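# Chain and residue survey
These are the residues of each chain, in order.
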Amino acid sequence: MTIHVVDHPLVHHKLSLIRDRKTPGSLFRALIEEAGLILATEATRTLPTESVVVETPLERTGTQRLRSLDPVLVPVLRAGLGLLPPFLQLLPTAKVGHLGLYRDHDSLVPVPYYRNFPPLLEARPVFILDPMLATGGSASEAVRQLKGAGAISLTLVALLAAPEGLERLQGDHPDLTIWVGAVDRQLNEKGYILPGLGDAGDRLFGTA
Ligand code: PRP
Ligand code: URA
């Protein structure tokens, strides 16, 4: 498994505000989008390109374009929806799949409740979007479902990860690529990331 930690001053700065319990929901959402733009820029740096020739207003020139079929973005509901706008801003022709998962409060096992994937997954780079990688159960289930539907090139994009979740994914999906804003210290007894940012879905959507 390949893990990239986006060690960037803007990510550190935005994370300091995102983590702050006093940050209101509207600003929290905006900051997740801003950090998501940086994550999207980094996570797409290996997308294959091809040479094309264009006419500028002045002359013909060789240049590069994305080669593969449009990528697929799969936000894991709900919190993954917070990362969708920045990815769509940079990849406006991407197809979007949705996967609904919630963690059972007691067992922490992910419960699937919705799934809608676009066709041709096997031919497209697939980006799973979820700001939080805690136990790794939800991400592992998302990768399992997408592989089952044919996806081959899979990248998980998260804002925060716990070491326990990374270890779980290393065991379950060693072929996965992960881009993450920061790796935090540990999980607490309820499966929350420490120091973390709290419940991402609740803070994004005001349901705390
Ligand atoms: C959160 C988060 C991840 C999951 C991570 O979702 O968005 O999907 O928990 O935890 P895990 O790594 O231990 O599986 P949650 O289940 O709270 O649902 P929500 O986004 O609808 O709030
Ligand atoms: N999901 C969250 O939203 N936050 C955590 O810390 C862990 C799982």
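It should be noted that the structure appears before, not after, this text.
The model shown is predicted, which means the values in this text are computed figures rather than measured ones.

## Here we look at the side chain of Gln145
Turning to its location among the elements, Gln145 is positioned in helix H4 (residues 137-148). Under the relative-accessibility criterion, Gln145 is labelled buried at 9%. There is a polar contact of 3.0 Å between the side chain of Gln145 and the side chain of Arg115. Apart from residues no more than four positions distant in its own chain, Gln145 is found in contact with Leu99, Pro112, Arg115 and Phe117.

## Things to note about the site of ligand 2
Around ligand 2, the surrounding shell consists of Arg103, Met132, Ala134, Gly191, Tyr192, Ile193, Gly198, Asp199 and Ala200. Between ligand 2 and the protein, one listed contact pairs a nitrogen atom with a backbone N or O atom of Gly198 at 2.8 Å. Relative to its free-state accessible area of 240 Å², ligand 2 is covered by the protein chains to the extent of 89%. Here the residues of the shell around ligand 2 are counted per class, giving five nonpolar, two polar and two charged.

## Brief notes about the nonpolar core
Counting residues in each nonpolar core, the largest one holds 34 residues, and the members touching the most others are Ile18, Leu73, Phe127, Leu129 and Leu159. Breaking this core down by element, the ones donating at least two residues are helix H1 (9-19), helix H2 (25-43), helix H3 (84-90), strand S8 (125-129), strand S10 (153-161), strand S11 (177-183) and helix H6 (200-205). If you tally residues by element for this core, the top one is H2, at eight residues. When near neighbours in sequence (up to four residues on either side) are disregarded, Phe127 contacts Ala43, Thr44, Leu47, Pro71, Val72, Leu73, Val74, Phe87, Thr155 and Val157. Judged by nonpolar contacts, the second largest core, of 24 residues, contains Ala139, Val143, Ala151 and Val180.

## Looking at the packing of aromatic side chains
Scanning the model with the defined rule gives two aromatic pairs in all. On the basis of an interplanar angle of 45 degrees and a centroid distance of 6.3 Å, the ring pair of Phe87 and Phe127 is categorised as tilted. With Phe87 in helix H3 and Phe127 in strand S8, this pair connects stretches of sequence that are 40 residues apart. For Phe127, a relative accessible area of 2% corresponds to the buried category. We note Arg103 situated over the ring of Tyr192; from NZ or CZ to the ring centre the distance is 5.5 Å.

## Quick notes on the packing of H4 against helix H5 (residues 163-172)
Remark: H4 packs on H5, axes separated minimally by 9 Å, with the N-to-C direction vectors making an angle of 25 degrees. The angle between H4 and H5 falls in the class roughly parallel. Remark: the crossing between H4 and H5 carries right-handed chirality. Contacts between H4 and H5 pair Gly137, Ala139 and Ser140 from the former with Arg168, Leu169 and Asp172 from the latter.

## Some thoughts on the environment of Val53
By the element assignment, Val53 lies in strand S2 (residues 49-55). Looking at Val53, the relative accessible area reads 52%, which means it is exposed. C-alpha of Val53 to C-alpha of Leu159: the two residues are 106 residues apart in sequence and 37 Å apart in space. Leaving out residues up to four positions away in the same chain, Val53 has contacts with Arg60, Thr61 and Gly62.

## Details of the site of ligand 1
Neighbouring residues of ligand 1: 15 residues in total, closest Arg78, Arg103, Asp130, Thr135 and Ser138. Taking Arg78, its side chain carries an N or O atom lying 2.8 Å from an oxygen atom of ligand 1. Between an oxygen atom of ligand 1 and a main-chain N or O atom of Ala79, the distance comes to 3.1 Å. Expressed as a share of its isolated accessible area of 500 Å², the protein-covered part of ligand 1 is 91%. Among the elements of the structure, strand S6 (98-103), strand S9 (132-133) and H4 are those that each provide at least two residues to the shell around ligand 1. Considered class by class, the residues forming the shell around ligand 1 number six nonpolar, five polar and four charged.

The rules behind each value
- Residues numbered from 1 in each chain as written.
- Chains lettered and ligands numbered in written order.
- Predicted model: local features only at pLDDT ≥ 70, side-chain atom pairs only at ≥ 80, totals over all residues.
- Heavy atoms only, no water.
- Helix = DSSP H or I, 4+ residues; strand = E, 2+ residues; numbered from the N terminus.
- Buried < 20%, exposed > 50% of the residue type's maximum accessible area, 1.4 Å probe, protein only.
- Polar contact = N/O pair within 3.5 Å; in protein donor to acceptor, adjacent residues only side chain to side chain.
- Contact = heavy atoms within 4.5 Å.
- Near = heavy atom within 4 Å.
- Areas by Shrake-Rupley, 256 points an atom, 1.4 Å probe, with all protein chains shown as cover.
- Nonpolar A, V, L, I, M, F, W, Y, C, P; charged D, E, K, R; others polar.
- Core = buried A, V, L, I, M, F, W, Y, C linked by side-chain atoms within 4.5 Å.
- Phe/Tyr/Trp six-rings, centres within 6.5 Å; stacked < 30°, edge-to-face > 60°.
- Lys NZ or Arg CZ within 6 Å of the ring centre and 35° of its normal.
- Axes fitted to C-alpha atoms, helices over the stretch in contact; angles between N-to-C directions.
- Parallel < 35°, antiparallel > 145°, perpendicular 65-115°, else oblique.
- Left-handed = near helix turned anticlockwise from the far one by under 90°.

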